[in-house]
There are 4 protein chains.
Amino acid sequence: MALMRGEAGPVRALGVGLIGTGFMGKCHALAYRNANAVLGGLPPIRLEFLCDVPHDKATRMAEQFGFARATDDWRALVRDDAVDIVCITTPNRMHHEMALAAIAAGKHVHCEKPLALTLAQAEEMAQAAQDAGVCTMVGYNYIHNPAFAHTQRLVEAGEIGRIVHVRGWVDEDYQADPDLPWTWRAAMAEAGLGALGDLGCHLVSMVCRLAGPIDSLIADMATVHETRPLPEGGGRQAVENEDLASALVRFASGATGVLAISRSAWGRKNRLGFEIHGTKGMIVFDQERMNELMLYRNVGDKALQGFTTILTGPEHAPFGAFVPAAGHQIGMNDLKIIEAGAFLAQIAGGPRAGPDFTEALVFERVIHAIAEAARSDARIHLA
Amino acid sequence: MALMRGEAGPVRALGVGLIGTGFMGKCHALAYRNANAVLGGLPPIRLEFLCDVPHDKATRMAEQFGFARATDDWRALVRDDAVDIVCITTPNRMHHEMALAAIAAGKHVHCEKPLALTLAQAEEMAQAAQDAGVCTMVGYNYIHNPAFAHTQRLVEAGEIGRIVHVRGWVDEDYQADPDLPWTWRAAMAEAGLGALGDLGCHLVSMVCRLAGPIDSLIADMATVHETRPLPEGGGRQAVENEDLASALVRFASGATGVLAISRSAWGRKNRLGFEIHGTKGMIVFDQERMNELMLYRNVGDKALQGFTTILTGPEHAPFGAFVPAAGHQIGMNDLKIIEAGAFLAQIAGGPRAGPDFTEALVFERVIHAIAEAARSDARIHLA
Amino acid sequence: MALMRGEAGPVRALGVGLIGTGFMGKCHALAYRNANAVLGGLPPIRLEFLCDVPHDKATRMAEQFGFARATDDWRALVRDDAVDIVCITTPNRMHHEMALAAIAAGKHVHCEKPLALTLAQAEEMAQAAQDAGVCTMVGYNYIHNPAFAHTQRLVEAGEIGRIVHVRGWVDEDYQADPDLPWTWRAAMAEAGLGALGDLGCHLVSMVCRLAGPIDSLIADMATVHETRPLPEGGGRQAVENEDLASALVRFASGATGVLAISRSAWGRKNRLGFEIHGTKGMIVFDQERMNELMLYRNVGDKALQGFTTILTGPEHAPFGAFVPAAGHQIGMNDLKIIEAGAFLAQIAGGPRAGPDFTEALVFERVIHAIAEAARSDARIHLA
Amino acid sequence: MALMRGEAGPVRALGVGLIGTGFMGKCHALAYRNANAVLGGLPPIRLEFLCDVPHDKATRMAEQFGFARATDDWRALVRDDAVDIVCITTPNRMHHEMALAAIAAGKHVHCEKPLALTLAQAEEMAQAAQDAGVCTMVGYNYIHNPAFAHTQRLVEAGEIGRIVHVRGWVDEDYQADPDLPWTWRAAMAEAGLGALGDLGCHLVSMVCRLAGPIDSLIADMATVHETRPLPEGGGRQAVENEDLASALVRFASGATGVLAISRSAWGRKNRLGFEIHGTKGMIVFDQERMNELMLYRNVGDKALQGFTTILTGPEHAPFGAFVPAAGHQIGMNDLKIIEAGAFLAQIAGGPRAGPDFTEALVFERVIHAIAEAARSDARIHLA
């Protein structure tokens, strides 16, 4: 059995259990597989147990991803003694039950966003994690981008002065086609919120990390395609959640902001970005060019001022752990490696780096407040 | 005396009277000076009379701009028999009185935006122009960009399907510096609205031309720098109007939109742009790259789809009247030539092309509605 | 008669005679029409005489452009007493004869590039102008771009250190289509050099202004489409000049450079640009975004370094004479206004700003050397 | 012992031996670690043996990268029975000896580029591999980019017509600073060629894959900084190889090309790119935005033509094995996963995908020909 060298003697390698093998499941598998090789200095891990249905798919994916054992029973995984960390990458409606079970079994939980379909469920999850004292991490992977971490450092160092305004957007086009068949994504009971839950919470995570908590907001939302054809020629079914949403927010700091979210924006594939307006400058970011950052500072000769396109590189940790020179670029899966690394470091006693259930709850309160403000056409105040 | 060949015999060249010689005054002077030389086929004009204060400045600018006569008395210009068109390019607070006087004298009026400080004044101006039957034009110059005209044609032809959503922004940084002294721009009685009146109405003009009238909206606004130093060391004075504003709008068509406006956005020099989200594609425009248009259409092989950057050229009339090949670019002053040309053609009996006082009033109702919605924190319905 | 107030009493306004009314003819007409109105402080001019064939076209264009008189006899224009400046915008093969006649008549000559079909002709023209003591200007309009002037200032101030390398390119696609009919552009006796004469000399003008004279070079060139269909179905005719050319140059300074030129580059409309590599930084320019300049300097915090996109503005004279704020953009025709203004100032006794025949000859020696090096497959040394 | 299920019964997992743990060593380790997890369907591998000096570094890196055993004796690794694939990521001067030894031991060899310091060594390596019948792969990782593979498919499908011209460049700035101390990179006996060997061969690999073999070329090169300070204050030492190089090439197909290479180009971090000029369109690529491809096609309405920016996605295999949606981006290390996967598939009997020693030799002949042409100032013909 692999051991980790702790202060008090050898420590067992952390056993990772993964539930789900879709986009995010694979992403988690790769992240834990690589965190130590890339970043170094982390507690050792074992890819211990993988769950999917049916069983033979679980077996096949375990072999591909390098997990030791496979199951089609997530409860067996959650209570397995060799599992220390439970990764939950299943559809949103299953997060709540799985996370509570994992917490009850004393496991650390790495859960994909959003935490749950409803705010009440998310609150219950955050409370349970706090009560149990386990470590948690929620998959807000974009905030682990070195470009974002650098933005945070610049903002904190006052490079662009006091933040006075924020613009944020997140757009994709996976629901832009009017002829796309109806899927579970359109059902409130399956998916919960639409564009807000799927995309909007990422935007909120970035904006709140940069500009602090949101105090109140007004909002609007719309379902662009009100019904969609059922896949088997059986007429059309209603789309129950929003295709797009937008909000005008006020931060506790006094800054204001504009957020815009769409899953029906043709041509946008992962356009998650922001502008941070400060009294001394501005920072602009776009995830579709995730290795770049644009910075304007009102310093020096006016004839030389402009937006500087900074290519992230070794100066922007932990970029250098991936490739030792700017321009060589990291990708989406590398962000998850950073996230997993941060979680492992935290489990080993390091500081909290990524959003745990409690911080994620703050983000998710905002998307639910946007939905509520849009439905009620009234300003919603957050606690 | 120059004559225009009309159907009923020779016609007198149109006499242009210009009030004001600042940025927009010069722009008008150049526009009328060049409209015929560039575009051809327009009624002949005379640069007849120019007004500024003091008188010697008027004389000097008349000589530079090629006007025949100069005065420091705008009322003399307005009632002058040789003047057929009055161009009003003075500070906003003077538009109302000057335009009413020009209309009363039976002149055609080419007025800079916004029409007036208050909506009531703007309404009075539009009514007076209608009653008098004179031609009017308001300086929404950006909608004369061939790139914009092409966007309109694409939208009308259904190239991007039904419009479902619009994003718009207009940002500059001329009030971004906290240490900038207080000027008349900060005074409600001098400037009226702040960023909304100066910049926001341009954005509204574009958005409404593309997506139709706005039905209702909610909004927020903020004064980033609440006071500014008085120029002569005499303490600080309050900034009375908004540095930034934003609105969530609903169009009569059912589409929704997000508008964001700032005069305190470091690094933005004339960032006036929009995204038009349709059911079949998207169009994106940014005035800082005014000779480009980005178009995404969901047609053909998915492996070849992406945003196409179209460089405006002779295929996008009247670009070819300026330069006969794409990539050679037109500039800001060229837009005013198109605007003046459209006005001259209209005076000669052609169709209304640019926004007259009545259409401008529609745009300006929106910016006042944004201000009202922000003040009242309530949804405002436009007629 | 209009008069210019000189030190020694009133001076006659300069009479402009224009030969040719195509793209460049119109551009010259607009330039002289506007130079004083835009830039101010220049000698007064009269749009005196315009020549084109047939006569009624000349009459029509004179009326549109605002010229007092029209002719179809360029020799009459050249010797006309009221003409002080002769603008030559006819096809390349006519420049030589017209310019010599104008010089012989004691006129100042503003000639489009290239000077002539052959180097011998160009040399004769430069010599004649020097002997006669008239002022000359050649239409290398891109070097009048405020972005280019700023680049020159930055280079001269050492902002990017010693220049060690230059990359330059100029590409258009007007001969990219294999099915395009044969025209005079393909005939050596009509057009002279192909892409080199039409486009390459612009690139050389910019590169030499920035990095100094070229000492020697090796080169290659190619005719992409060796024959083209005759317009009236009469078979195919040979293309006699090059569609693309490229050269590896050595500057007298010791720097090296790479130049690439094509008139068959699909999608490129006016892609004239360069990279200036210095020991402390780099400057990059692209005419298709002519109001922008990209600057990298190795100064300060590495984590903040990147290319800064500078939008030209009032800090980059004479941009502010056109529009008083960056982001509002000038266009191609505005560059000609600056060029005409520089010529008028020079005629009035100011310094030489644009390339006269002598400097143009330096540029054109380079394009002929490229052609010769390509033909001989040997290094060519320039004097 | 892990087994691979082949047709003829269980097959032993392939043992990977890695020599070197720098930038490329880590990159290889991650690539083999992940190839199967990401791409699936490949032969199983074992991370068997790792070599570096001193021994404790080897031990430490083996643990971090997940290799079973460590050594400081590369010969031991090369002849180890459990090693089937030898990855050579040491400095260039060591490739030759190591590769020959590995081949002699019957191992498959995955070697970083360039193959060797001299062409003679490279030829010897290619011959030895052919004679031994082992599989080889050279680390031209950029050609494994899905964006590049898509470019190849587009070119082969004739989407841009016949290729008539190619522009290529590769620039970095790691030797741009004049004050940088002298290192082994500047010594011919250590590094061999300078910018050509380090960067230029990558460019050649892309260009030749797209436009076919190069027939002849002329070239120039320069050492920008002729000496550099010795690290310990001991005066200055000569830089023996080139900082920049450029070539005008003629392809066997009749197309021409321009190549430019620099390691002293401030601000360029990994600017490896090309333009492919065809008779029907153009493709442009820049590695600094490696998830994008720009395509212009002369098809359809001229008013809608422009460069389309294609974001690579699942339509561009094997992108979808990493992330299932465009805009989510892959990074530099992912390219090596594709390369390692291609090598494993080839070892298992699949087709040759990446460049083996024989194809790499073709690329490297070109960079040596560039150097020779530059030295001799004469056209060099390739076989």
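See the structure above.
None of these values were measured; they are calculated from a predicted model.

**Student:** Is there a simple way to think about the relation of the copies chain A and chain D in this case?
**Tutor:** Superposition of the two copies of the chain requires a rotation about an axis together with a shift along that axis. When chain A is brought onto chain D, the operation consists of a screw motion whose angular component is 180° and whose axial shift is 0.0 Å, with 0.0 Å RMSD remaining. In short, the pair behaves as if placed about a two-fold rotation axis. Residues of chain A ranked by C-alpha distance from the rotation axis are headed by Gly 331 of chain A, positioned 2.0 Å from it. An overlap of 100% is found between the interface residues of chain A and their copies at the interface of chain D, pointing to a shared contact surface.

**Student:** How do you make sense of the nonpolar core when you look at a structure like this?
**Tutor:** Within soluble globular proteins, side chains that are nonpolar tend to cluster in buried spots. Within the largest apolar cluster, 235 residues are counted, with the highest numbers of intra-cluster contacts made by Leu 217 and Phe 357 of chain B together with Leu 217 and Phe 357 of chain C. Excluding its chain neighbours within four sequence positions, the residues that come into contact with Leu 217 of chain B are Leu 248, Val 249, Val 366, Ala 369, Ile 370, Ala 373, Ala 378, Arg 379, Ile 380 and Leu 382 of chain B. Listed in part, the 234 residues of the second largest apolar core include Leu 344 and Ile 347 of chain A together with Phe 251 and Ile 283 of chain D.

**Student:** Honestly, the environment of Gln 287 of chain B in this entry has me stumped. Any pointers?
**Tutor:** Tracing the backbone shows Gln 287 of chain B in the loop between strand S16 (281–286) and strand S17 (292–297). Distance in space between the C-alpha atoms of Gln 287 of chain B and Tyr 142 of chain B is 8.1 Å, their sequence separation being 145 residues. Ignoring any residue separated from it by four or fewer positions in sequence, one finds Gln 287 of chain B in contact with Tyr 142, Asn 145, Asn 270, Leu 272 and Leu 335 of chain B together with Gly 327 and Gln 329 of chain C.

**Student:** Can you walk me through the relation of the copies chain B and chain A in this structure?
**Tutor:** When chain B is fitted to chain A, the best match, at an RMSD of 0.0 Å, comes from turning it 180° and sliding it 0.0 Å along the axis. A high fraction, 100%, of the interface residues of chain B reappear at the interface in chain A, so the copies pair face to face through one surface.

**Student:** Got a minute to help me understand the interface of chain A and chain D in this structure?
**Tutor:** It is common to give the size of an interface as the accessible area lost on bringing the parts into contact. Listed per partner, the contact involves 37 residues of chain A and 37 residues of chain D. Summed over both partners, the interface of chain A with chain D buries about 3100 Å², with 47% contributed by carbon and sulfur atoms. Ranking the residues of chain A by area buried against chain D places Ala 37, His 328 and Gln 329 of chain A at the top, with a combined share of 19%. Across the chain A-chain D interface, the total number found is two salt bridges. Its salt-bridge partner being Arg 289 of chain A, residue Glu 292 of chain D comes within 2.7 Å of it at the nearest N-O pair. The tally of links from chain A across to chain D stands at 23 residue pairs in polar contact (both at pLDDT 80 or more).

**Student:** Which parts of the structure should I look at to understand the interface of chain B and chain A?
**Tutor:** On the chain A side, the residues contacting the 47 residues of chain B number 47 residues. Both sides of the chain B and chain A interface together cover about 3400 Å² of buried area, and 55% of this is carbon and sulfur. Between the two partners, chain B and chain A, sit eight salt bridges. One salt bridge in this structure joins Asp 377 of chain B and Arg 379 of chain A, with 2.6 Å as the shortest N-O distance.

**Student:** Where do I start with the sheet that holds strand S3 (residues 14–19) of chain A in this structure?
**Tutor:** Note: strands within a sheet are paired through backbone hydrogen bonds, in either parallel or antiparallel orientation. All names here are of chain A. Spatial ordering of the open sheet is given by S5-S4-S3-S6-S7-S8, a layout of six strands whose pairing is parallel. Either end of the sheet is taken by a strand with one partner, and the two such strands are strand S5 (69–71) and strand S8 (136–138). Averaged over all adjacent pairs, the angle separating strand axes in this sheet is 20°, with direction ignored. Both S3 and strand S4 (residues 45–51) contribute to a ladder of six bridges, which runs parallel. Along S4, the bridge assignment pairs Val 16 with Leu 47. Against the sheet, helix H2 (residues 55–65) makes contact with S3, S4 and S5, and its axis sits at roughly 155° relative to S5, the strand it touches most. The strands that helix H10 (residues 332–347) touches are S3, S4, strand S6 (85–88), strand S7 (108–111) and S8; relative to S7, the one it contacts most, it runs at about 160°.

Each value, and the rule that gives it
Residues numbered from 1 in each chain as written. Chains lettered and ligands numbered in written order. Predicted model: local features only at pLDDT ≥ 70, side-chain atom pairs only at ≥ 80, totals over all residues. Heavy atoms only, no water. Least-squares fit on C-alpha atoms with pLDDT ≥ 70 in both. Contact = heavy atoms within 4.5 Å. Core = buried A, V, L, I, M, F, W, Y, C linked by side-chain atoms within 4.5 Å. Buried < 20%, exposed > 50% of the residue type's maximum accessible area, 1.4 Å probe, protein only. Helix = DSSP H or I, 4+ residues; strand = E, 2+ residues; numbered from the N terminus. Buried area = accessible area lost by both parts, 1.4 Å probe. Salt bridge = Lys/Arg side-chain N within 4 Å of Asp/Glu carboxyl O. Polar contact = N/O pair within 3.5 Å; in protein donor to acceptor, adjacent residues only side chain to side chain. Pairing = 2+ DSSP bridges. Axes fitted to C-alpha atoms, helices over the stretch in contact; angles between N-to-C directions.

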